[in-house]
Amino acid sequence: MARSQWGSRLGFILAATGSAIGLGAIWKFPYVAATNGGGAFLLIYFLICLSVGLALMMGEMALGRAAGNSAVGTFRDLRGGRWPLVGFVGVLVCFLIYSFYSVVGGWTIAYIGKSFGGEILTSDAKVLGNIFNGFITDPALPLVYHGLFAGLTLAVVIGGVQKGIENLSKFLMPALFVLMLVLIARALTLPGAVDGLLYFLTPDFSKVTGTMLVDAMGLAFFSLSLGMGIMITYGSYVDKEANLLSSSLWVIALTVLTCFLAGLMVLPAVFAFGFDPSAGPGLTFITMPAVFAQMVGGQLFAVLFFFLLLVAALTSSVSLLEVVVSFVIDEFKVGRKAAALGVSLLVFLLGIPASLSLGIWSEYTVFGLGFFDLLDFLTSKLLMPVGEVLLAIFVGWKVWPVIEAELSAGARVPAWLRAMRGFCRYVAPALIAGILVHNL
């Protein structure tokens, strides 16, 4: 069976960018940046993305295109031995993340409805906290929305690479940027918004500490979807004529731009009404509704905001599911529809204890963590850094001639390619190992 391919370079770039832009870019990046030195954090984050992040992204894409296979098949075809286990780690990470990410994606659907109904249009943070906690601890309702979100993701992936993922990305990614610009324009016109803008952009180099650097590196690698097999899988659908350097640069530029725009969208509005910018995830479901409640036309902007969150969640969930589906198709020789349906069913089932652990199963813990938090810790704090270290070693030490051939197209090896080899061989493993040690 011939392997699917992207219909256009633009479709590939937007799909890869969509995989990188998730809920974390909207709710996590603004408060992490603002509370870790503002402009100083932005600069460090950008430099990490443009150096180590770029090297690893090109490496993943080149691996996928060279092998034309799923994440596991790529490591098996290019090296063999025990290296396919690295691909399997990526597939497992995507499966586990998607199982609880789908639960959170369902929350965004629910909050679109709550915005339309006006239920969350109150400036009382205590009331909003009770609404949010009451919803996520309900034993049944979040599962309905979890199933609905998983169904939306399934419908896209069943459509295939071009008709499903690419077409969705071409529509939703421009829509996401338009929605962000509309919300930014409204936020910046609020009285007092300039304070939030300055808090976000003004460099405070006194906040540059070891912990801050680890946070910046972790956020950079996570926001670029590295070490999860996503860029390997998406790279396997790229034709041989595509320039992976320019494509990677576009993906990184759009991802960084989105994170930056999220800060412009959230922090001026938060400051305008005197809320805490370090509220973390509560910014999304508690603080922002309180902000909208005090705006003229707040209900409309609340609907737009949560629809934007749904778009960000969906473009990421599609990539998570596609990695696992691609693995099942290539390894077990089943059709796309059957693979997508089977994986989605398993994801939904695993999402049930993740959701219930926030409510009626909250007393059941492992190492002090509920099931939802345990999945988050295992993936983002443990398996992802391990996968990233092994990926860098594989690219820099084990199959570098393959990478060089993919990226240089037989021409004289450019200086940037030699620098990339150094990043993959030495810099990336050391930095990511530092993150792993810090997490543990």
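Residues numbered from 1 in each chain as written. Predicted model: local features only at pLDDT ≥ 70, side-chain atom pairs only at ≥ 80, totals over all residues. Heavy atoms only, no water.

- Where an unreviewed UniProt entry is consulted, the protein chain appears under the name Transporter, with the organism given as Vogesella alkaliphila.
- According to its UniProt record, the protein chain has this under Sequence similarities (unreviewed entry): "Belongs to the sodium:neurotransmitter symporter (SNF) (TC 2.A.22) family."
- According to the UniProt record, the Subcellular location (unreviewed entry) comment for the protein chain reads "Membrane". (UniProt positions renumbered as here; feature names shortened; annotations may be inferred.)

Some points on the packing of helix H5 (residues 84-117) against helix H7 (residues 141-158)
- Contact pair H5 / H7: the axes reach a minimum separation of 7 Å and the direction vectors enclose 105°. It follows from the interaxial angle that H5 and H7 lie roughly perpendicular. Contacts from Tyr98, Ser99, Ser102, Val103, Gly105, Gly106, Trp107, Ile109 and Ala110 in H5 reach Pro142, Tyr145, His146, Leu148, Phe149, Ala150, Leu152 and Thr153 in H7.
- Grouping the constituent residues of the contact of H5 with H7 by class yields eleven nonpolar, six polar and no charged. (Axes fitted to C-alpha atoms, helices over the stretch in contact; angles between N-to-C directions. Helix = DSSP H or I, 4+ residues; strand = E, 2+ residues; numbered from the N terminus. Parallel < 35°, antiparallel > 145°, perpendicular 65-115°, else oblique. Contact = heavy atoms within 4.5 Å. Nonpolar A, V, L, I, M, F, W, Y, C, P; charged D, E, K, R; others polar.)

Here's the deal with helix H12 (residues 244-272)
- Taking 1.5 Å of rise per residue, the 29 residues of H12 would be expected to cover 42 Å, and the 42 Å separating its terminal C-alpha atoms lies within 8% of that figure.
- Buried residues dominate H12, accounting for 21 of its 29 residues.
- Between the side-chain oxygen at the start of H12 and the backbone nitrogen of leucine 245 there is a gap of 3.0 Å, and the oxygen is on asparagine 243.
- Looking one or two places after H12, you find glycine 274, whose phi comes out positive at around 75°. (Expected span 1.5 Å × (residues − 1). Buried < 20%, exposed > 50% of the residue type's maximum accessible area, 1.4 Å probe, protein only. Polar contact = N/O pair within 3.5 Å; in protein donor to acceptor, adjacent residues only side chain to side chain.)

What to know about the packing of aromatic side chains
- Across all of its chains, the model carries 26 aromatic pairs by this definition.
- Between phenylalanine 292 and phenylalanine 305, the aromatic rings sit 5.5 Å apart at their centres with planes inclined by 55°, giving tilted as the arrangement. One end of the pair, phenylalanine 292, is in helix H13 (residues 282-293); the other, phenylalanine 305, is in helix H14 (residues 298-332), and 13 residues separate them in sequence.
- Of the residues examined, phenylalanine 292 reaches a relative accessible area of 3% and is grouped as buried.
- A relative accessible area of 1% means that phenylalanine 305 is categorised as buried.
- Between phenylalanine 305 and phenylalanine 306, the aromatic rings sit 5.1 Å apart at their centres with planes inclined by 80°, giving edge-to-face as the arrangement. Here phenylalanine 305 matches phenylalanine 306 in class, with each residue buried.
- Positioned above the aromatic ring of tryptophan 397, the side-chain terminus of arginine 425 is 3.9 Å from the ring centre. (Phe/Tyr/Trp six-rings, centres within 6.5 Å; stacked < 30°, edge-to-face > 60°. Lys NZ or Arg CZ within 6 Å of the ring centre and 35° of its normal.)

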